[in-house]
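These are the residues of each chain, in order.
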Amino acid sequence: DAKTTQPPSMDCAEGRAANLPCNHSTISGNEYVYWYRQIHSQGPQYIIHGLKNNETNEMASLIITEDRKSSTLILPHATLRDTAVYYCIVQLQGAQKLVFGQGTRLTINP
Amino acid sequence: GAVVSQHPSRVICKSGTSVKIECRSLDFQATTMFWYRQFPKQSLMLMATSNEGSKATYEQGVEKDKFLINHASLTLSTLTVTSAHPEDSSFYICSATGSSYNSPLHFGNGTRLTVT
């Protein structure tokens, strides 16, 4: 069972920051927050993951609240190619088997 | 970065025939591979976990005799849909991870199966 709650859809203007929220109120102390995205008719793409510290890479930033019950994925300058379904997944690191929820369908508008 | 290749990307077959889908890890050894299925407008659903050199572990409700999985090497896993029916038409996606504890899953680009 998916342990996360995400809004089903969001819109963002091209060039603006896209902030995607995720609630994971039942997360346990050793579970990580993973983000993947799936562009139409492709396999999911890994974006970023974190435990409790904020993380940043070339694709995005991950902000995790201090109580770890929620997080936000930030795409700093969204482009049309960022239109996709974004999945927030809570998982033990190394557990490998990912259980996908319904995700957020992010649409970037010109 | 790690690459997972899936073949074919699209396949159309007739009812009653079997279809084989290949999943390869191109630049790393994948001790474990996972097979997912995705119906239109739905999320990915895990079908089975494939471990090199051993029998696959199937999720509840997935028929192991219908969806045959073989993971004969550290770089190749195959999924065979046997006696395919139109309701098996779906998007099949494989994923793989290396032996590193920190390795995230990497996914293939999926296979669109249409059974006529």
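Above this text sits the structure in question.
In this report, we go over the structure that sits alongside the text.

Each value, and the rule that gives it
- Residues numbered from 1 in each chain as written.
- Chains lettered and ligands numbered in written order.
- Predicted model: local features only at pLDDT ≥ 70, side-chain atom pairs only at ≥ 80, totals over all residues.
- Heavy atoms only, no water.
- Pairing = 2+ DSSP bridges.
- Helix = DSSP H or I, 4+ residues; strand = E, 2+ residues; numbered from the N terminus.
- Phe/Tyr/Trp six-rings, centres within 6.5 Å; stacked < 30°, edge-to-face > 60°.
- Axes fitted to C-alpha atoms, helices over the stretch in contact; angles between N-to-C directions.
- Contact = heavy atoms within 4.5 Å.
- Buried area = accessible area lost by both parts, 1.4 Å probe.
- Salt bridge = Lys/Arg side-chain N within 4 Å of Asp/Glu carboxyl O.
- Polar contact = N/O pair within 3.5 Å; in protein donor to acceptor, adjacent residues only side chain to side chain.
- Nonpolar A, V, L, I, M, F, W, Y, C, P; charged D, E, K, R; others polar.
- Buried < 20%, exposed > 50% of the residue type's maximum accessible area, 1.4 Å probe, protein only.
- Disulfide = S-S within 2.5 Å.

## Observations regarding the sheet that holds strand β7 (residues 70–75) of chain A
All names here are of chain A. An order of β2-β7-β6-β5 is seen for the four strands of this open sheet, with the pairing classed as antiparallel. The two strands at the open ends of the sheet, each matched to only one other strand, are β2 (18–23) and β5 (55–56). Bridge count between β5 and strand β6 (residues 61–64): two bridges; the pairing is antiparallel. Looking at the pairing, E55 lines up with L62 of β6.

## Focus on the packing of aromatic side chains
Residue and element names in this part refer to chain A. Tallied over the full model, the rule gives nine aromatic pairs over all chains. Ring plane angle 70° and centroid distance 5.7 Å describe the contact between Y36 and Y46, whose orientation is recorded as edge-to-face. Note that Y36 is positioned in strand β3 (residues 31–38) and Y46 in strand β4 (residues 45–50), a separation of ten residues in sequence. With 5.1 Å between their ring centres and 90° between their planes, Y87 and F100 make a pair best called edge-to-face.

## Brief notes about the sheet that holds strand β3 (residues 19–25) of chain B
Residue and element names in this part refer to chain B. Read from one edge of the open sheet, four strands run β1-β3-β8-β7, paired in antiparallel fashion. Every interior strand has two partners, whereas the edge strands, β1 (4–7) and β7 (67–73), have only one. Within this sheet the neighbouring strands show an average axis-to-axis angle of 15°, counted without direction.

## A closer look at the interface of chain A and chain B
Taken together, the 16 residues of chain A in the interface contact 21 residues of chain B. In this assembly, chain A packs against chain B so that about 1600 Å² is buried in total across both faces, 52% of it on carbon and sulfur atoms. At the boundary of chain A and chain B, one finds zero salt bridges. Counting the contacts that link chain A with chain B gives five residue pairs in polar contact (both at pLDDT 80 or more). For the side of chain A that touches chain B, the residue count by class is six nonpolar, nine polar and one charged.

## Topic: the pairing of β7 of chain B
Residue and element names in this part refer to chain B. For β7 and strand β8 (residues 76–81), the ladder comprises five bridges, and the chain directions are antiparallel. Bridging from a neighbouring strand, I69 pairs with L79 of β8. In this antiparallel pair of consecutive strands, β7 and β8, the connection spans two residues.

## A few points about the environment of L92 of chain A
Residue and element names in this part refer to chain A. Among the secondary structure elements, L92 is positioned in strand β8 (residues 84–92). On the basis of relative accessibility, which here comes to 37%, the residue L92 falls in the partly exposed class. Taking C-alpha positions, L92 is 6.3 Å from N30, a pair spaced 62 residues apart along the chain. Beyond its immediate sequence surroundings of up to four residues, L92 is in contact with N30 and E31.

## Some remarks on the state of the cysteines
One pass over the full model with this rule turns up two disulfides over all chains. Linked covalently through their sulfurs, C22 of chain A and C88 of chain A form a disulfide whose S-S length is 2.1 Å. On the sign convention where negative means left-handed, the S-S torsion of about -80° between C22 of chain A and C88 of chain A marks this disulfide as left-handed. Linking C22 of chain A in strand β2 with C88 of chain A in strand β8, this pair joins segments that are 66 residues apart in sequence. For C22 of chain A, a relative accessible area of 1% puts it in the buried group. Residue classification places C88 of chain A among the buried residues on the basis of a relative accessible area of 1%. Disulfide pairing places C23 of chain B opposite C94 of chain B at an S-S distance of 2.0 Å. Its torsion about the S-S bond being 80°, the disulfide of C23 of chain B and C94 of chain B is classed as right-handed. Linking C23 of chain B in strand β3 with C94 of chain B in strand β9 (residues 90–97), this pair joins segments that are 71 residues apart in sequence. Judged by relative accessible area, C23 of chain B falls into the buried class, the value being 0%. With no disulfide of its own, C12 of chain A has C22 of chain A as its nearest cysteine by sulfur position, at a separation of 18 Å. We classify C12 of chain A as buried; its relative accessible area is 10%.

These figures capture arrangement, not role.
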